[in-house]
Amino acid sequence: MKKTTFLFILLFSLTSCNENLGIDNTENLPISKSVLFIGNSYTNYNDMPQQVKEMANSVNDELILGLHVPSGTRISDHNESMELEEKIDSRKWDYVTIQTQSSESALSQDHFDNNVYPHVLSIVNKIKSNYLNSSALFYMTWGYENGEFPSLCVNLPYLCEFEGMNDKLTERYTFMAQSTNSVLSPVGIVWKNIRNSHPEIDLYRADESHPSHNGSFLAACTFYTVIFEKDPTLLLYNNPEVDDTIETIIKNEVKRTVFNNLNNWYYN
């Protein structure tokens, strides 16, 4: 009897200790999430959302996937799209991603205030009107490989190089997520870290803007980590277009930047 009582107390103590330390004993249980991806070719290149789904499948998680990703679409086009409204209203999504056109969120403050942010607010409103518990999930994109085109960066010098453009996108996407009580997928931050630590990894296509297979894998890995709140280094998914060594480097960076700092990305 004493032995049984001791074992019960020991088990209770270990459980309480785990709770006090913030250890999540359910971390590896299968999870199901529904996500509608709103964007353009930046989102859809190399089937990035499908990669997130396959990453989830590899560890018995489930991603119910919706897409609205017409190429070249600006945030104003999304806001005026009846097709998008129908997709938002088609189910109770856990997350609806928002991706603005590649450079429009990095342009002047006046352009952002008048041509980007009002449309973002309207779309977040539509998401919440459909289902109050849905979260807008902002897709923080990256700077062009060598900065914006000279015709645009003449009056905005920070756009003339990757670093300045990327920092402005980081600032604006963070603001959009914070001000709307939403969630952030910090792809641009991971992108910058990989460029700095592993310049040999090519994240761009030849146009110096769109993602290569490496870049899309990086984005998918970041999205999986934010959506499921799980360690990306445990994923069993392998992209045949991405070298195994590069996959490992990217997973480790996503773990370091995103998973180890999960609370930084949720403003809801």
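Residues numbered from 1 in each chain as written. Predicted model: local features only at pLDDT ≥ 70, side-chain atom pairs only at ≥ 80, totals over all residues. Heavy atoms only, no water.

Peer 1: Sorry, what's going on with unusual backbone geometry here?
Peer 2: Across residues other than glycine, the phi torsion is negative in most instances, and most of the peptide bonds are trans. Its identity as a non-glycine residue notwithstanding, Asn 46 has a phi of 55 degrees, on the positive side. Relative to the helices and strands, Asn 46 is located in the loop between helix H2 (41-44) and helix H3 (48-58). Residues other than glycine seldom take positive phi values, yet Glu 229 does so here, at roughly 55 degrees. (Helix = DSSP H or I, 4+ residues; strand = E, 2+ residues; numbered from the N terminus.)

Peer 1: Can you walk me through the pairing of strand S3 (residues 95-98) in this structure?
Peer 2: When a strand is regular, its side chains alternate between the sheet's two faces. The side-chain alternation of S3 yields two buried faces, one formed by Tyr 95 and Thr 97 and the other by Val 96 and Ile 98. Strand direction decides the pairing type here: strand S1 (residues 32-38) and S3, joined by 4 bridges, are parallel. Paired with Val 35 across the strands is Tyr 95, a residue of S3. In this structure, S3 lies alongside strand S4 (residues 135-139), joined through 4 bridges in parallel fashion. Note that in S4 the partner of Tyr 95 across the bridge is Ser 135. Crossover S3 to S4 through helix H6 (residues 109-130) is right-handed. (Buried < 20%, exposed > 50% of the residue type's maximum accessible area, 1.4 Å probe, protein only. Pairing = 2+ DSSP bridges. Right-handed = clockwise from strand over helix to strand, strands pointing away.)

Peer 1: Sorry if this is basic, but what is going on with the nonpolar core here?
Peer 2: As a rule of thumb, soluble globular proteins bury nonpolar side chains together. One finds Val 52, Phe 138 and Phe 223 to be the most contacted residues of the largest nonpolar core, which totals 73 residues. Not counting chain neighbours up to four residues away, the residues in contact with Phe 138 comprise Ile 98, Val 120, Val 124, Tyr 173, Met 176, Ala 177, Thr 180, Ser 182, Val 183, Leu 184 and Ser 185. (Core = buried A, V, L, I, M, F, W, Y, C linked by side-chain atoms within 4.5 Å. Contact = heavy atoms within 4.5 Å.)

Peer 1: I'm lost on the packing of helix H8 (residues 162-179) against helix H9 (residues 187-197) in this one. Help?
Peer 2: Each pair of packed helices can be described by the angle between their axes along with the distance between the axes. At a closest axis distance of 10 Å, the pairing of H8 and H9 adopts a crossing angle of 155 degrees. Considering the angle they form, H8 stands roughly antiparallel to H9. Pair H8 / H9 crosses with left-handed handedness. Only Gly 188, Ile 189, Trp 191, Lys 192 and Arg 195 of H9 make contact with H8, whose side of the interface consists of Phe 162, Glu 163, Asn 166, Asp 167 and Thr 170. Among the residues making up the contact of H8 with H9, the classes are represented as 3 nonpolar, 3 polar and 4 charged. (Axes fitted to C-alpha atoms, helices over the stretch in contact; angles between N-to-C directions. Parallel < 35°, antiparallel > 145°, perpendicular 65-115°, else oblique. Left-handed = near helix turned anticlockwise from the far one by under 90°. Nonpolar A, V, L, I, M, F, W, Y, C, P; charged D, E, K, R; others polar.)

Peer 1: Mind showing me how you'd approach the sheet that holds strand S2 (residues 62-68) here?
Peer 2: Note: strands within a sheet are paired through backbone hydrogen bonds, in either parallel or antiparallel orientation. An order of S2-S1-S3-S4-S5 is seen for the 5 strands of this open sheet, with the pairing classed as parallel. Each end of this open sheet is capped by a strand with a single partner; those strands are S2 and strand S5 (183-185). Sheet twist, expressed as the mean angle between neighbouring strand axes with direction ignored, is 25 degrees. With 7 bridges connecting them, S1 and S2 associate as parallel partners. Bridge pairing in S2 places Lys 33 opposite Leu 63.

Peer 1: Looking at this structure, I do not really get the packing of aromatic side chains. What am I missing?
Peer 2: Where two aromatic rings form a pair, the distance of their centres and the angle of their planes describe that pair. Under the definition given, this model contains 11 aromatic pairs. Aromatic pair Phe 37 and Phe 223: ring centres 5.4 Å apart, planes at 70 degrees, arrangement edge-to-face. Highlighted residues: Phe 37 in strand S1 and Phe 223 in helix H10 (residues 213-228), separated in sequence by 186 residues. Judged by its relative accessible area of 0%, Phe 223 falls in the buried class. (Phe/Tyr/Trp six-rings, centres within 6.5 Å; stacked < 30°, edge-to-face > 60°.)

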